[in-house]
Amino acid sequence: MNKYRSHNCSELRLKDENNTVKLSGWVHRKRDHGNLLFIDLRDHYGLTQCVVQSGTEHFKILEKLKPESVILIIGKVLKRSKETINRNLSTGEIEIHINDLEILSESKELPLPVFGEPEYPEDIRLKYRFLDLRREKMHQNISLRSKVISFIRNKMIELGFMEFQTPILTASSPEGARDFLVPSRLNPGKFFALPQAPQQFKQMIMVAGFDKYFQIAPCFRDEDGRADRSPGEHYQLDLEMSFVEQDDVFSTVEPIFFDLFTKFNKGKKISKAPFKRITFKESMLKYGSDKPDLRIPIQISDVTDIFKSSEVKLEIFKKQIKKNSIVRAIPVKNVKDKSRSFFDNLNEWAKSEGADGLAYISLVKSKESFKALGPIGKYFSEKALNELMKKCNITDGDSLFFICDKQKIAEKISGLSREKIARELKLIDENVFEFCWITDFPLYRYDEDLKKIDFSHNPFSMPNIKYEDFDKVDPLNILAKQYDLVCNGVEISSGAIRNHIPKLMYKVFSKVGYSKKNVDKKFSGMIKALSYGAPPHGGMAPGIDRIVMLLANEENIREITLFPLTQNAQDLLMGAPLDASDEQLKDLNLKILKK
RNA sequence: GGGGGUGUAGCUCAGUUGGUUAGAGCGAUCGCCUGUCACGCGAUAGGUCGAGGGUUCGAGUCCCUUCACUCCCGCCA
């Protein structure tokens, strides 16, 4: 028999009546009636009420004992009288009368209470993370994370994927985010980098002929944190498959996500596989984003032509259009009763986001014809209104918001406005998971700061163009076999069919200024690997943290992470990062520069 | 690197236009209480008002600097 317990704290029922049991756990809550003391004993599994009467030595000890102390009790399971049953507890029909007691570990006064679920400042929670994690919500979130990971792992193995570990100490990659560096003692002055992702390794696993690989992989990127992005490290379901095209990857991954979200959905509906597929171009137009939230029933339209025509007399926009600006329209149903301040506030908000403003008209039907209300309503002819109604699918009582700006800004602001308006009008159905694939990303983008062409995503993606045609087109128009999986406006995965042809690889890199020699040097492993018989392959890497966030319905990644860093990348519990001793620095041939 | 928010008792928060000794609830401690499950009642202790500087007869309150946490922009192939 186990030394500490015969049952856990959520196990005992009426059928155990009169049995003597042994329980261990934390003193969750005490209710002291002077001559009668109730203790809620808590462990990972639940709560059990324990009772002790005055006059025993245990009573005196327990009366003084602080909450969150760990105790072992031996006692008899007794049926509760009808009036004292607690329906909120699975063990609420019984209680334990304590006959024997051992204090296993005493708690000091708590810096933050475990009982109840109030909000606490982040720094105190992180400093005492082990206490914070005892709270029910955190305990459930972290448990969910564990269950999600084992579900995924089982599923992948079931589907014939093999799980491999790839190096944590590896080489810095010249593309991408800032690396974490680790000095090498045996190679003075040289550094390992922690992997930003096992990208090159997983491709080499394919070259090595293992066919299907996965890993719950830690990824290290030295970038600043956000609510949905830990500074330092995060986890990806890294997967790769040989002899596949985009559709093969999609049809493998879709059921995994559908099943995963079905299992842990907490009653939410899930968009059925196959998920909607939207090209990058279409997504930027209709949703103003490459991670559209499809729960929002608003689609943006381009109405530049209508504003260009003589049917609209809005000179400010016409001037902008002549300078290469475009006009995007955001239709919003049924807002004619909204106050003037609703529209004005949106206009102010748009300005704060970097737009010139957010113009609008509201449509009303008077007799047989439609009129546009609002500050710029008078500039529209009836014909223009009819065209707008048709194009944007609006009618009596609806409004149209307009953004006129350079394409990049117009897209961004229209997308943000779509989300902002949807939030304010509560148009988002919180009870669904809407998945979609975004496909056909451009291979390159133009870097405004450096005034040069750069990769828009993964440099190892297969371009969607033949080698022979590569030089015949504007590089900025070349698409890649690159795709994202998006759910409710959250990018949960990136992936691609990889470029496994060295000749084409050199060509791809040449457009961003890499010579063949340079590619050979910086990606020597990859190029070599692709030169000795590489299978066509592709895969993706869904972010575990964001998946768990969605399933736990949390806005912040720290709520689903056991021991997160602060925004300044510090571990308040362990005190990391720390100074290195002189000894350590000497070993590593390092000197700290004084600031 | 930049912009915003927050910081008052162990915890959550109040604190008026700058004005006497900075308050409440929870928690803690002590006492009372035999059926609670947010038990109840009473008392007591508990404060560098994040830190430093300034303005003022007088600063929790105004100004400057700074620190911590956080949200956002940049960044995140």
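All values reported here derive from a predicted model rather than from experimental measurement.

Could you clarify how one ought to interpret the overall build of chain A in this entry?
When helices and strands are counted, chain A shows 17 helices and 24 strands. Each principal axis of the C-alpha distribution contributes one length, and for chain A these read about 95 × 75 × 55 Å. Intrachain contacts of chain A at a sequence separation of at least 6 include 67% that bridge at least 24 residues. Surface summary for chain A: the accessible area is close to 31300 Å², and the carbon and sulfur share equals 51%. Within chain A, one finds 94 positive and 84 negative side-chain charges whose respective centroids are separated by 2 Å.

Which parts of the structure should I look at to understand the sheet that holds strand 16 (residues 369-373)?
Pairing between the strands of a sheet is mediated by backbone hydrogen bonds and can be parallel or antiparallel. The antiparallel open sheet is built from five strands, whose spatial order is 13-14-17-15-16. Sheet topology places strand 13 (301-302) and strand 16 at the edges, where each strand pairs with a single neighbour. Relative to strand 14 (residues 326-332), strand 13 runs antiparallel, the two sharing two bridges. Paired with Ser301 across the bridge in strand 14 is Ala329. Its contacts with the sheet place helix 10 (residues 340-352) against strand 15 (359-366) and strand 17 (399-405), and it is angled at close to 20° to strand 17. Along the sheet, helix 12 (residues 407-424) contacts strand 14 and strand 17; its crossing angle with strand 14, the most-contacted strand, is approximately 10°.

What's the story with the sheet that holds strand 23 (residues 490-497) in this structure? I'm lost.
The strand order across the open sheet formed by eight strands is 6-9-10-24-23-22-19-12, and the pairing between neighbours is mixed. The open sheet is flanked by strand 6 (162-163) and strand 12 (276-279), the only strands paired with a single partner. In terms of strand pairing, strand 6 meets strand 9 (residues 212-221) through two bridges, oriented parallel. Across the sheet, Glu163 pairs through a bridge with Phe214, a residue of strand 9. Contacting strand 6, strand 9 and strand 10 (232-242), helix 4 (residues 136-158) runs over the sheet at an angle of about 145° to strand 9. Across the sheet, helix 6 (residues 246-263) touches strand 10, strand 12, strand 19 (435-439), strand 22 (482-487), strand 23 and strand 24 (537-540), and the angle it forms with strand 19 is around 155°.

Just to check I follow, could you spell out the protein's contact with RNA strand B for this structure?
In the vicinity of RNA strand B lie 48 residues, with Arg29, Asp32, Asn35, Pro121 and His457 positioned nearest. Taken together, the sugar and phosphate atoms account for 52% of what RNA strand B places within 4 Å of the protein. In this structure, Gly34 approaches RNA strand B through a main-chain N or O atom, which is 3.0 Å from a base nitrogen. In this structure, Arg229 approaches RNA strand B through a side-chain N or O atom, which is 2.8 Å from a base oxygen. Elements represented by at least two residues in the surface near RNA strand B include exactly strand 1 (20-32), strand 2 (36-42), strand 3 (47-53) and helix 2 (122-127). Tallied by class, residues from the surface near RNA strand B come to 16 nonpolar, 15 polar and 17 charged.

Where do I start with a nonpolar patch on the surface in this structure?
A surface patch of nonpolar side chains, about 260 Å² in accessible area, is lined by Leu181, Phe191 and Leu590. By the secondary structure assignment, Leu590 is in the segment after helix 17 (582-587). Judged by its relative accessible area of 30%, Leu590 falls in the partly exposed class.

Conventions used here
- Residues numbered from 1 in each chain as written.
- Chains lettered and ligands numbered in written order.
- Predicted model: local features only at pLDDT ≥ 70, side-chain atom pairs only at ≥ 80, totals over all residues.
- Heavy atoms only, no water.
- Helix = DSSP H or I, 4+ residues; strand = E, 2+ residues; numbered from the N terminus.
- Contact = heavy atoms within 4.5 Å.
- Areas by Shrake-Rupley, 256 points an atom, 1.4 Å probe, with all protein chains shown as cover.
- Lys, Arg positive; Asp, Glu negative; His and termini not counted.
- Charge placed at Lys NZ, Arg CZ, Asp CG, Glu CD.
- Pairing = 2+ DSSP bridges.
- Axes fitted to C-alpha atoms, helices over the stretch in contact; angles between N-to-C directions.
- Near = heavy atom within 4 Å.
- Polar contact = N/O pair within 3.5 Å; in protein donor to acceptor, adjacent residues only side chain to side chain.
- Nonpolar A, V, L, I, M, F, W, Y, C, P; charged D, E, K, R; others polar.
- Patch = residues over 30% accessible without salt bridge, like charges linked within 9 Å, V, L, I, M, F, W, Y side chains within 5 Å.
- Salt bridge = Lys/Arg side-chain N within 4 Å of Asp/Glu carboxyl O.
- Buried < 20%, exposed > 50% of the residue type's maximum accessible area, 1.4 Å probe, protein only.

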